[in-house]
Amino acid sequence: MNRHEHKEDEVRRMMDTAHPHVPGDLTARAVARGTRLLHRDRVVRRIGWALLALAVAAFVIWASVARPWEVPPAGTTPPLEGW
């Protein structure tokens with residue numbers, strides 16, 4: 001039995017009684033968990049934005065060096081006839 005199933009069974013047992021007993025530290029645990037989740041989401045969002053900024057900077061640097069919009073020079077010169 002994994003941890004999730006154990007918690008689910010414990011909650012079902014509590015809810016089967018007429019007036020379920022609620023742990024006294026439930027609010028504190030919920031606030032702590034919510035704070036951790038918000039902090040984690042904020043960190044993940046900041047890392048995502050940082051990676052996006054790095055990708056844009058890398059693309060701009062590559063584009064300024066490679067200049068993919070310019071036509072590459074011809075490998076051979078055309079023959080000069082009629083001079």
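Placed above this text is the structure.
Residues numbered from 1 in each chain as written. Predicted model: local features only at pLDDT ≥ 70, side-chain atom pairs only at ≥ 80, totals over all residues. Heavy atoms only, no water.

**Quick look at the overall build of the protein**
Helices and strands together make up the secondary structure of the protein, namely two helices and zero strands. Expected size for 83 residues packed as a compact globule is a radius of gyration near 12 Å; at 32 Å, the protein overshoots this value by more than 25%. A burial count over the protein gives 1% of its 83 residues as buried. Summing over all exposed atoms, the protein offers an accessible surface of approximately 8200 Å²; the carbon and sulfur share of this is 65%. Where the 12 positive side-chain charges of the protein centre and where its 9 negative ones centre are 9 Å apart. (Helix = DSSP H or I, 4+ residues; strand = E, 2+ residues; numbered from the N terminus. Rg over C-alpha atoms; globule rule 2.2 N^0.38 Å. Buried < 20%, exposed > 50% of the residue type's maximum accessible area, 1.4 Å probe, protein only. Areas by Shrake-Rupley, 256 points an atom, 1.4 Å probe, with all protein chains shown as cover. Lys, Arg positive; Asp, Glu negative; His and termini not counted. Charge placed at Lys NZ, Arg CZ, Asp CG, Glu CD.)

**What to know about helix α1 (residues 3-16)**
Here α1 is 14 residues long and its end C-alpha atoms lie 20 Å apart, about the 20 Å a rise of 1.5 Å per residue gives. Capping the start of α1, asparagine 2 holds a side-chain oxygen 2.8 Å from the backbone nitrogen of glutamate 5, two or three residues further along. (Expected span 1.5 Å × (residues − 1). Polar contact = N/O pair within 3.5 Å; in protein donor to acceptor, adjacent residues only side chain to side chain.)

**Looking at the layout of surface pockets**
Its volume calculated, the largest pocket comes out at about 540 Å³. Lining the largest pocket are 17 residues, with Lys7, Val11, Pro23, Leu26 and Arg29 sitting closest to its centre. For the lining of the largest pocket, the secondary-structure elements that each account for two or more residues are α1 and α2 (26-66). Considering each element in turn, the lining of the largest pocket owes the most residues, seven residues, to α1. A per-class count over the lining of the largest pocket returns nine nonpolar, one polar and seven charged. (1 Å grid on protein atoms, 1.4 Å probe; cavity = no way out; pocket = protein on both sides within 12 Å on 5 of 7 lines; lining within 4 Å. Points joined across faces, edges and corners; volume = space filled by probe spheres on them. Nonpolar A, V, L, I, M, F, W, Y, C, P; charged D, E, K, R; others polar.)

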